[in-house]
Amino acid sequence: MARESRGFDNRPNAQTTNHEWQQLPWGKIQRKVFKLQKAIYQAVNRGNKAKARRLQRLLNKSYYARLLAVRKVTQDNQGKKTAGVDGVKSLNTKDRFHLAEKLRKPSKAKSLRRVWIPKPGRDEKRPLGIPTMHDRALQALVKLGLEPYWEAQFEAESYGFRPGRSSHDAINAIFKKCLSKPQYVLDADIAKCFDRINHDYLLSKLDCPSVYKRSIRQWLKAGVLDNGVFEATETGTPQGGVISPLLANVALHGMIDSVVNAFPSKKTIDGKQEWYRPKIIRYADDFVVLANRPEVVLEAQRLIEEWLKPVGLELKPEKTRLCNTLTEWNGEKPGFDFLGFNIRQYPCSIHKGVNASGTGRQRYQLYIKPSKKAVKTHYDVCKEVIKRHKTAPQATLIGKINPIIRGWSNYYSKVVSKETFSKLDHMIWGALRAWTVSRCGQATYEKLNNYFSYGKHGKWTFQTKGGMVLLKHTETPIVRHIKVKGKNSPYDGDWAYWSKRMSNSYGDIPTRVAKLIKRQKGRCNHCGQYFTSDDLVEVDHIQPKSLGGKDIYSNLQVLHRHCHDVKTQLDGSLTVNSSHDKG
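Residues numbered from 1 in each chain as written. Predicted model: local features only at pLDDT ≥ 70, side-chain atom pairs only at ≥ 80, totals over all residues. Heavy atoms only, no water.

Participant: What am I meant to see in the overall build of the chain here?
Facilitator: Of the regular secondary structure elements, the chain holds 20 helices and 17 strands. Residue burial in the chain is summarised as follows: out of 583 residues, 49% are buried. Considering only contacts within the chain whose residues lie at least 6 apart along the sequence, 67% involve residues at least 24 apart. With the model as given, the accessible surface of the chain reaches about 28900 Å², and the carbon-plus-sulfur share is 50%. (Helix = DSSP H or I, 4+ residues; strand = E, 2+ residues; numbered from the N terminus. Buried < 20%, exposed > 50% of the residue type's maximum accessible area, 1.4 Å probe, protein only. Contact = heavy atoms within 4.5 Å. Areas by Shrake-Rupley, 256 points an atom, 1.4 Å probe, with all protein chains shown as cover.)

Given below as C-alpha cells:
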C-alpha cells in the first residue's frame, strides 16, 4: 500500500485542474481501500484483533484512503457546502490534494460550529455541531478503518446508521416477530442519546489503535462555538460529525445481547413449553422490545435502564410506552409507531383466512402502514410548497412537488400503503384545485382546463401543455422489502449476495435504477465492479445526447458516481473534438 503514493506525491501544484482530480483512478482507489476494509472485517471475525489493528494502522497511512476520505466530505456528502469555525467550504481541486497531504500529520481538532435545525413536524430545534473541513476529512479517514472493525461485532438486530441496513430491515424484523402471535411491546427512546454518552465509557470500549483513540478524544473534547460563545463538551458525541453515528452505535453495542441473554430461551408455563426471551430491535437511539408475555417486557425495561446507567444514558419517560399489538393493555390503545410506521394487529372475522400452520382460522390480521403523524407531516409539507408557489408557473410547482412525492412514496412503498397513497392523492388534488382558484377566481371548467386536462391520470390530470405531469403516490408500486440476512455486512465480501440485493431493488433505491442494475447483472458498465448497498450511483446515457443519443430506456445505464464524473469529462472532450472536425 505504501507504493500507491509514489504517483501522487507531487500532484498538488499551481497548475492543478479539476480534470486531474476527476482522472484519478477512483475505481482502483475504492477497490484497494475496500480490500483492506474486508481484511479488517475478516480478521475480527476470526478473533485476530491484533492483526485487525495492524491493518487499521496501515489503512490510516494509505494515500488512497486519504484521497477517498477527502472525496467523501468535499464531493459526496450533502454538507459539503457547510463551513465549520474556520469558514472553509467547497474546496477546489488544488485544495483537495493539499487536504489529502495534510491528513498525513493531523493537527489538533478545532471547536465545532453550532447550528440549530428544526425537528421535522415540531416547533422545537435540535443542535448540530459542524466540524471544520479538515476534521471532517480526518473523521472520514478514521471511519474507513473503524467501521469494518465494529461491523464484524455489532448485533444482528441493530439497524441504524450501518452500511447495507435500513429502517425497512428493522420494520421487517418487527413484521416477522408479530406475525406469529400478538406481542406485548415496550416502545422506548433514549433521552438525548448523542448529547449524554459518557466519554470515558466510550473511549474504554473503542479498542482501537492509539492514533485513532487520540483523534477521537480530541473530537469529543473539542467544545462548541455558539454565536462566538465557547461551551465545553463534557459528554456526548457531537451530532453533525461524520463519525458520530458510528460512535453512538459503539456506545450502545451490547445492550441487546446483554438483556436478551438474561432470560431463559424457553420456560414451562401451565405445563407447556413457551418461548420466553424477548426480541429487541434497535435503530440508533430508538428501540422496541417485543415479547409473548407482559412480565418479560417489564423485566426487560428494568434491565435496559440498569445497562444504560454506566453509559450515562436513561430512557425518556414521555416517549416510553407499554402496549399490546392487538388489544388494549396498560391503559394504552393497541399498536405502536416506529420509524414513521404504525404496527398493529386488527381482529378479523372467523371466516377470513387461515393461520400460518393451516390448522385453523386466524383471529387477527397484521398491518404495517404509514403512521398518522407521518401522513400529516407529508401533507403539510406539500401544502406549504403549493402555498409558497401561488404565483409561480405550473411547471415550477410540479418540479418542486414531484421529488417530495416520489421520495415519500418510495419510503412507504414497502408496507400496506395503497389506501394511504390514494387518500393523499385526493387531499393534494383538493389543495391544487384551491391553488387554481386563487389564480383565476371562480373555478369554471374553462379556467380549470388551463391546469387540468386529460392525461395518464384521467381527465383531471394536473399537467402543463408541454407535457409536465404531477406524480401521484399511487403510481409507486407496493413491493415487500426483503430483510438483510442475520449479521451480514457489505464488508464480508459476499458479492453474490450484495449484488443480488441491489439488482432486485432491495433497499432504498428507485425502481428504475434497480431495473437498470439488474440488466447490468449488478456491475458498473465503466469500471466493471459490483455495486454495493452504500454506493452512490448515477443514471447516465450510454451514447451522450450531445452525440445523438436518445433519452430512452435502452440508452440508459447506471454508473458509480465517480465513474460517471470521469465519463462526463471524456464525453465533453469527445464533443469538443467532434465540433472541431465539423469545422
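Next comes the rest of the description.
Participant: How should the sheet that holds strand S10 (residues 321–324) be read in this particular structure?
Facilitator: Working definition: the strands of a sheet are paired by backbone hydrogen bonds and lie parallel or antiparallel to each other. Pairing in this open sheet of 4 strands is antiparallel, and the strands run S8-S9-S3-S10 from one edge to the other. One side of each edge strand has no neighbouring strand; the edge strands of this open sheet are strand S8 (279–283) and S10. Strand-to-strand twist across the sheet, computed as the mean angle between neighbouring axes with direction ignored, equals 20°. Of the strand pairs in this sheet, strand S3 (residues 184–189) and strand S9 (residues 286–291) are connected by 6 bridges, and their pairing is antiparallel. Directly across from Asp189, in S9, lies its bridge partner Asp286. Each of S8 and S9 touches helix H7 (residues 167–180); the most contacted strand, S8, lies at about 165° to it. (Pairing = 2+ DSSP bridges. Axes fitted to C-alpha atoms, helices over the stretch in contact; angles between N-to-C directions.)

Participant: Just to check I follow, could you spell out the confidence of the model for the chain for this structure?
Facilitator: Low-pLDDT portions of the prediction should not be read for the details of their coordinates. When the pLDDT values of the chain are averaged, the result is 85; 88% of them are 70 or greater. Every residue in residues 505–509 is under pLDDT 50, and counting partners more than four places away or in other chains gives 14 contacts. Overall, residues 574–583 carries pLDDT values under 50, and its contacts beyond four positions in sequence, including any with other chains, amount to 4 contacts. (pLDDT = per-residue confidence, 0-100.)

Participant: Help me out: how do you make sense of the layout of surface pockets in this one?
Facilitator: Empty pockets left among the atoms are what a rolling probe the size of a water molecule brings to light. There is about 660 Å³ of room inside the second largest pocket. Listing elements by their share of the lining of the second largest pocket, those giving two or more residues are strand S11 (336–338), strand S12 (341–347), strand S13 (364–370), helix H14 (372–388) and helix H16 (418–440). (1 Å grid on protein atoms, 1.4 Å probe; cavity = no way out; pocket = protein on both sides within 12 Å on 5 of 7 lines; lining within 4 Å. Points joined across faces, edges and corners; volume = space filled by probe spheres on them.)

Participant: I'm lost on the packing of helix H2 (residues 26–45) against helix H4 (residues 63–76) in this one. Help?
Facilitator: Between two packed helices, what matters for the description is the angle formed by their axes and the separation of those axes. Orientation of H2 relative to H4, taken along the N-to-C sense of each, is 110°, at an axis distance of 9 Å. By the criterion of interaxial angle, the relationship of H2 to H4 is roughly perpendicular. For the pair H2 and H4, the crossing hand works out as left-handed. Seen from H2, the contacting residues are Trp26, Lys28, Ile29, Gln30, Lys32 and Val33; seen from H4, they are Tyr64, Ala65, Leu67, Leu68 and Arg71. Residues belonging to the contact of H2 with H4 are distributed by class as follows: 7 nonpolar, 1 polar and 3 charged. (Parallel < 35°, antiparallel > 145°, perpendicular 65-115°, else oblique. Left-handed = near helix turned anticlockwise from the far one by under 90°. Nonpolar A, V, L, I, M, F, W, Y, C, P; charged D, E, K, R; others polar.)

Participant: Just checking my understanding: could you explain the side chain of Ser158 for this structure?
Facilitator: Inspection of the secondary structure puts Ser158 in the loop between helix H6 (133–151) and H7. The exposure class of Ser158 is buried, given its relative accessible area of 1%. There is a polar contact of 3.0 Å between the side chain of Ser158 and the side chain of Arg282. Other than its neighbours up to four places away in sequence, Ser158 contacts Arg165, Asn249, Ile256 and Arg282. (Polar contact = N/O pair within 3.5 Å; in protein donor to acceptor, adjacent residues only side chain to side chain.)

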